[in-house]
Amino acid sequence: MYTEKLHEWFDYWMEIYYRPTVRTPTYENAVYKLRTLKKFLPDMALQEVDEQILQRTLNCLMDNNYAKSTIKQMKSLLNISLGKAVKLRLIPFSPADSLELPEARTKKVIALSPGQQQQLEQACRDVLYGDYIIFLLYTGLRRGE
């Protein structure tokens, strides 16, 4: 149940408003993102949260080497959850409306060269479960899928 604290609001919003509207993997990803946000965001009264606190939190995530896409998703969760608090008249306006996305690192994905892929395939033929790695190479599935 929600009791006017920011972290409790996030938990309440997730269960009541977010979870029923998304698929399980999306929800689980958001749980991880909000858990991380809570580590960097002080737990204070919902009415005391301001844009500067939220912006410093996003900047701190950047300083702690979180990927730009992760920070962008966290910013989105802040926008949605605090926007719902406004609609429910728990706060007069959303302090997340004007947040700026900090310039965080972007992950550079480097594809295997044809020679590297051939070496990997050869090595996979000699190990247990190597067929799974070959399957991933040819289908493009990600590890989590």
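Everything numeric in this text was worked out from a predicted model, so none of it was measured. (Residues numbered from 1 in each chain as written. Predicted model: local features only at pLDDT ≥ 70, side-chain atom pairs only at ≥ 80, totals over all residues. Heavy atoms only, no water.)

**Overview of the overall build of the protein chain**
Next up, step 1: Looking only at helices and strands, the protein chain has six helices and zero strands in total.
Next up, step 2: For the protein chain, the succession of helices and strands along the chain, N to C, is α-α-α-α-α-α.
Next up, step 3: Scaling as 2.2 N^0.38, a compact globule of 145 residues should have a C-alpha radius of gyration of about 15 Å, whereas the protein chain reaches 20 Å, well beyond that.
Next up, step 4: In terms of overall dimensions, the protein chain has a C-alpha envelope of 60 × 30 × 20 Å along the principal axes.
Next up, step 5: Taken across its 145 residues, the protein chain has 32% of its residues classed as buried.
Next up, step 6: Across the protein chain, the fraction of contacts at a sequence separation of at least 24, relative to all contacts at a separation of at least 6, is 64%.
Next up, step 7: A total accessible area of about 10000 Å² is found for the protein chain, and carbon and sulfur atoms account for 51% of it.
Next up, step 8: Averaging the coordinates of the 20 positive side-chain charges in the protein chain and doing the same for the 17 negative ones gives two points 3 Å apart. (Helix = DSSP H or I, 4+ residues; strand = E, 2+ residues; numbered from the N terminus. Rg over C-alpha atoms; globule rule 2.2 N^0.38 Å. Buried < 20%, exposed > 50% of the residue type's maximum accessible area, 1.4 Å probe, protein only. Contact = heavy atoms within 4.5 Å. Areas by Shrake-Rupley, 256 points an atom, 1.4 Å probe, with all protein chains shown as cover. Lys, Arg positive; Asp, Glu negative; His and termini not counted. Charge placed at Lys NZ, Arg CZ, Asp CG, Glu CD.)

**Digging into the side chain of Ser94**
Next up, step 1: When you line up the elements, Ser94 lands in the loop between helix H4 (68-87) and helix H5 (114-124).
Next up, step 2: Note on Ser94: relative accessible area 6%, which makes it buried.
Next up, step 3: Each residue touching Ser94, except ones within four places of it in the same chain, is listed here: Leu82, Gly83 and Val86.

**Some details on the packing of helix H1 (residues 6-18) against helix H2 (residues 24-40)**
Next up, step 1: With their axes 11 Å apart at the nearest point, H1 and H2 run at an angle of 170 degrees to one another. If you check the angle between H1 and H2, you find them roughly antiparallel. Along its contact with H1, which presents His7, Phe10, Asp11, Trp13, Met14, Glu15 and Tyr18, the element H2 presents Thr26, Tyr27, Ala30, Val31, Leu34 and Lys38.
Next up, step 2: Among the residues making up the contact of H1 with H2, the classes are represented as eight nonpolar, two polar and three charged. (Axes fitted to C-alpha atoms, helices over the stretch in contact; angles between N-to-C directions. Parallel < 35°, antiparallel > 145°, perpendicular 65-115°, else oblique. Nonpolar A, V, L, I, M, F, W, Y, C, P; charged D, E, K, R; others polar.)

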